[in-house]
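One-letter residues, chain by chain:
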Amino acid sequence: MDTIKLSSPLLIDDETVTEVTYDVNAVTNEEYLAASSRRKGDFTQPTMPVNDMALLFAWGVQAILSANRDKNWTADDFARVKGHDNWQICQIGYSFFSAPHDEQPQESSEVR
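What you are looking at is a predicted structure, and each value in this text was computed from that prediction instead of being measured.

Enquirer: Got a sec to walk through the side chain of Asp 85? Specific residues and values, please.
Expert: Within the fold, Asp 85 resides in helix 4 (residues 84-94). Buried and unpaired, Asp 85 has Lys 82 as its nearest opposite-charge partner, separated by 8.8 Å. What Asp 85 contacts, discounting residues up to four positions off in sequence, is Lys 5, Leu 6, Ser 7 and Ser 8.

Enquirer: So what's going on with the packing of helix 2 (residues 53-67) against helix 4? Which residues, and what values?
Expert: Closest axis-to-axis distance for the helix 2/helix 4 pair is 6 Å, and the angle between their directions is 85°. Classified by the interaxial angle, the pair formed by helix 2 and helix 4 is roughly perpendicular. Residues Met 53, Leu 56, Phe 57, Trp 59, Gly 60, Val 61, Ala 63 and Ile 64 of helix 2 touch helix 4, and the partners they reach there are Asn 86, Ile 89, Cys 90, Ile 92, Gly 93 and Tyr 94. For the contact of helix 2 with helix 4, a count of residues per class yields 11 nonpolar, 3 polar and no charged.

Thresholds, definitions, all that
- Note that residues are indexed from 1 along each chain, following the sequence as it is written.
- Residues qualify for local features only when their pLDDT is at least 70, as the model is predicted, and side-chain atom pairs are given and counted only at 80 or more; totals for whole chains, interfaces and linings, by contrast, use all residues.
- Side-chain figures throughout are based on the complete set of non-hydrogen atoms in the structure, without hydrogens or water.
- Runs of E in the DSSP output that reach at least two residues are strands. Runs of H or I that reach at least four are helices, and both are numbered from the N terminus.
- Residue burial is assigned from relative accessible area. The probe radius is 1.4 Å, only protein chains are included, and a residue is buried under 20% of its type maximum, exposed over 50%, and partly exposed in between.
- Asp and Glu are treated as the negative residues and Lys and Arg as the positive ones, with His and the ends of the chain left uncounted.
- A carboxyl oxygen of Asp or Glu within 4 Å of a side-chain nitrogen of Lys or Arg is what we treat as a salt bridge.
- Whether two residues are in contact is decided by their heavy atoms: any pair within 4.5 Å suffices.
- Axis lines are fitted through C-alpha atoms, for helices just across the contact stretch, and the angle between N-to-C directions can take any value from 0 to 180 degrees.
- Should an angle fall under 35 degrees it is called roughly parallel, over 145 degrees roughly antiparallel, and 65 to 115 degrees roughly perpendicular, with every other angle called oblique.
- Polar here means any residue outside two lists: the nonpolar Ala, Val, Leu, Ile, Met, Phe, Trp, Tyr, Cys and Pro, and the charged Asp, Glu, Lys and Arg; Gly therefore counts as polar.

Structure below.
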């Protein structure tokens with residue numbers, strides 16, 4: 001799990017949120033696909049996922065939500081982020097394309 005500090009705090013459920021934890025590895029396939037379907041923006045231009053900022057943002061938000069399942073946060077709460085925080089959340093989404101080099105392999109989800 002990692003943490004980002006928000007440049008512009010969010011008010012979620014009457015709580016001021018100044019930093020959020022996220023965990024890409026906590027995102028299930030179902031959540032990943034649901035986040036992909038929440039993508040907002042222009043669908044008329046074909047775009048590679050790595051360049052699709054709306055998709056990267058949706059995936060980043062899902063990594064935040066998955067790491068904070070104990071809270072009542074929703075994707076709509078993060079639609080209110082501003083400025084640099086948008087970029088930070090897109091960077092989280094971008095991390096779906098690569099794993100940190102120092103990360104240890106996790107238990108396989110393979111069915112035996």
